[in-house]
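# Reading the structure
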Amino acid sequence: MAGRHKRHRGRPSARAALLAALLPGAALGQSLTPEGQTLPVYGQTEEVQKTPAGPALAPTESPDQARRFADGTEASHTPVVSVRPGSVRITGSGEETAADPATLLADEVMLSADSKLTASGGVVIWYRGARLVASRVVYDNATGAAVIEGPIHLTEPARSGTPDETILIADSAQLDPNLQDGILRGARLVLAREMQMAAREMRRSENGNVTRLDNVVASSCQICAEDPIPLWEIRARSITHDRRTRKLHFERPQLRALGLPVATLPWLTAPDPSVERMTGFLRPQFRTTSGLGFGIKLPYFITLGDHADITLTPYVAASRTSTLELRYRQAFSNGAMEWNGAISRDDIEQGHTRGYLFGGARFELPRGYMLGLQIQMASNRAYLLDYDISEADRLWSGLTLDRVRRDRMVMARIGNYESLRDDEPEAATPTMVADALWKRRWTPERIGGIANLEWSLHAHRRSSSEDGESGRDMARGSVSLGWLRSAILPGGLVGTVQTQANVDFYRINQDSAYEDWVMRADPVLAAELRWPLARHSGGVTHMIEPVAQLIWSPDRDDDDDVPNEDSRLIEFDEGNLFSLNRFPGRDARESGWRANLGLSWTRIDPAGWSVGMTAGRVFRSDADPAFENSGLLGGHRSDWLLAAHYSGANGLAISNRALFDDSFSISRNELRLGWFRPGLQVSAGYLWFDSDESESRPDDVSELTMAGGWQIADGWWATTETRYDFTADRAQKAQLGLEFRNECMTVEMSVERRFTSSEELRPDTRFDLGIRLGGFGRQKPGPGTVARRACLR
């Protein structure tokens, strides 16, 4: 063994046997991501995005919220299947051998006649990526025992900042002949820079896998010399850490808050900070609602191997409810599934057992197909709102199949709808609905451009057997062939020619107002001219683009040859201003001669902000019977469309869209705002819709929606959400939340008021409180900053 009399920073150094005595081994394992997919842990550092990637416009939803669809349904949460890594780095097993290299760095190294090696003066030992710093080390080659004098400091620089990081500090150490087990005095153990434990004496056994600390104090709070009392701490007779199971076992623990005893238990077992999944209790949640009273939720998490788990959550509230919630997740090699449900007996509906079941699964099939399954059942909508499960007013259960490629797409789904709306008769909504779509696009060799071919099938069935709209069943088969080609013309004009042929076959049952079999064909021809103009001056770019589009399709004398089941809600905005057909479905189509005219302007500033406007209108030779009851696109002229948007470098985005007639009477207006900064997140939207009987809207709509979050101070994050109906002159929902996070605990509070009322629904006020202590299990990042205690030097 060789030594250096001068310390040289950066050179490797170690004595293998000495470092092995204290080196905490790295345990490989499996982790379940928040989305539910099981993945190996490879040791890479996870990057957490603190702020959104860019501005967004209201209304916004958090990733945990279910997706809302236009038909009023929500998608059940399904764990996302993670992509398998392209390469896996395989490390050593961690077993120590005598041949492992080691280097020792010290100011002085002496070898005595009795086979004792003494290193003193700034001793640094490097071994297997770990670094041991001590004042003096005495190694007896005859017995294998080692005595280390401190201060002792052991770290693993490669694991710094990761959940597997371990720091050990001690005053002195005496090791057994195997150099793995021993006694450390005045020791402090820090796990993942979160949980720190200080003890008079520390013992390591079972080849260093088990560490026992006696007369110990544990806390994840930062402790300062001038104020040594942490926010919370656990004092115990002993704490045992098993690095193989990643568990902390407390013997006679006493929880203290600000130095005052709060609770004492005979024993306690908890996960260390590196654990993501482990069987045990999760943090409790305290809740008070006007309908259920004060209650508590106590979730119990059960792991079923590396790929599945169950969470059982009893919910008991002030003698008014007894509820058991359940969540089951499982990940497969080709997919994942999640099931959520609950069963309740409460005083809201005495003598009745209520419950719900929401489940979703998604699997990858051969050749790129994806199979989806969703099941949604509930006693009623009031139950979903009373227990804060979902705001959906329609439920959908069924199967989906899809495959999307660059030039083709296949989609199919079949399922059952269940309406929870009070104002919607059960027979009015089709219960069974099936859809299939096949679409392909390609470039014809001789004529160029882009061609597309589409086949689609649709069928729905109502439960009623009455004749007419309440019992009508229908099936449709459609084929569409289209072609589009663009070219740059002299003067910078861009010309486009487009044609389309649509053929539909209908089978209509239980409605004598229509023929049983109907076939119709709708050819479409269109020509378009664009003249994009750009000007650059002083770093500023201005772009102006006038657009004129002329479209022809055969006139229809009567648009009621088939019932309109899927095209009742018409949108008119800058996205479909130049569309061949503005109906969202296939049962209704535009016809006749029409011209779509528009003008857009955009200004891009070198400072990073931009502003733009779009204006347009539709002119028709004759009124289209399909828009007979619509004021937006009916008659010879549509309403004027005026849209404006602003996007700033500071995260602010504003968008406004208005529709008005020649007298400037606004029929629709939509204003959206989003502002995202490190300490501020605001998303707001205002809607104004005129009443329209054709869209089942007898009253005007004037509604404000707002959600926001802001940093009040370090560690304090506030959220708010509201929805106000100006037509009814009352709020529909109001919520205020407050979260405090520091290095050792998280406190979440929220109060919410729901004003909705009907025969089944009643106004409800809810207050939630959750407290989580840091250092037990891996913590998820939250919004805003973390309040950290500042110690005076």
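Scroll up a little and you will see the structure.
One structure accompanies this document, and this report is about it. Starting afresh in each chain, residues are numbered from 1 along the sequence in its written order. Local features in this predicted model are restricted to residues of pLDDT 70 or higher, and side-chain atom pairs are both shown and tallied only at a pLDDT of 80 or more, whereas totals for entire chains, interfaces and linings draw on every residue. Note that water and hydrogens are dropped before the side-chain values are worked out from all heavy atoms of the structure.

## Let's talk about the packing of aromatic side chains
Centres within 6.5 Å are what make two rings of Phe, Tyr or Trp a pair, Trp counting through its six-membered ring; a difference in plane orientation under 30 degrees is then read as stacked, over 60 as edge-to-face, and the rest as tilted. The final tally for this structure, using the stated rule, is 14 aromatic pairs. With a centroid separation of 5.2 Å and 90° between ring planes, the pair formed by tyrosine 356 and phenylalanine 358 is classed as edge-to-face. According to the relative accessible area criterion, tyrosine 356 is buried, its value standing at 15%. Between tyrosine 356 and tyrosine 383, the ring centres sit 6.4 Å apart and the planes meet at 45°, which makes this aromatic pair tilted. With tyrosine 356 in strand β24 (residues 353–364) and tyrosine 383 in helix α2 (residues 381–386), the pair connects residues that are 27 residues apart, well separated along the chain. Here's how the labels work: a residue is buried when its accessible area is under 20% of the maximum for its type, exposed when over 50%, partly exposed in between, all with a 1.4 Å probe on protein chains only. We classify tyrosine 383 as buried; its relative accessible area is 0%. A positively charged side chain is recorded as over a ring if its NZ (Lys) or CZ (Arg) lies within 6 Å of the ring centre. The angle to the ring normal must also be within 35 degrees. Against the face of tryptophan 396 rests arginine 413, its NZ or CZ located 4.5 Å from the ring centre. Across from the ring centre of phenylalanine 689, 4.7 Å away, lies the NZ or CZ of arginine 668, which sits over that ring. In this description a helix means any DSSP run of H or I spanning at least four residues, a strand means any run of E spanning at least two, and both kinds are numbered starting from the N terminus.

## Regarding unusual backbone geometry
Cis peptide bonds are those with omega within 30 degrees of zero, and the linkage from glycine 150 to proline 151 qualifies with 10°. Non-glycine residue asparagine 215 carries a positive phi angle of around 50°. In the Ramachandran plot, phenylalanine 664 falls in the positive-phi region, its phi being about 65° despite a non-glycine side chain. Its location among the elements puts phenylalanine 664 in the loop between β38 (652–660) and β39 (666–677). Classification of phenylalanine 664 as exposed rests on a relative accessible area of 64%.

## Examining the pattern of salt bridges
Note that side chains of opposite charge can pair when their charged atoms are close. The term salt bridge refers to a pairing of a side-chain nitrogen on Lys or Arg with a carboxyl oxygen on Asp or Glu at a separation within 4 Å. Applying the stated criterion across every chain yields a total of 52 salt bridges. Lysine 439 is paired through a salt bridge with glutamate 454; the nearest N and O atoms lie 3.6 Å apart. Here the residue lysine 439 occupies a position in strand β28 (residues 432–442), and glutamate 454 occupies one in strand β29 (residues 450–461), the gap between them amounting to 15 residues. Classification of lysine 439 as partly exposed rests on a relative accessible area of 32%. Its salt-bridge partner being aspartate 511, residue arginine 472 comes within 2.5 Å of it at the nearest N-O pair. With arginine 472 in the loop between β29 and β30 (473–488) and aspartate 511 in the loop between β31 (494–509) and β32 (517–530), this pair connects stretches of sequence that are 39 residues apart. When its relative accessible area of 7% is taken as the criterion, aspartate 511 is described as buried. Among the charged side chains, a network of salt bridges with common partners joins Arg287, Asp388, Glu391, Glu721, Lys733, Glu752, Asp764, Arg766 and Asp768.

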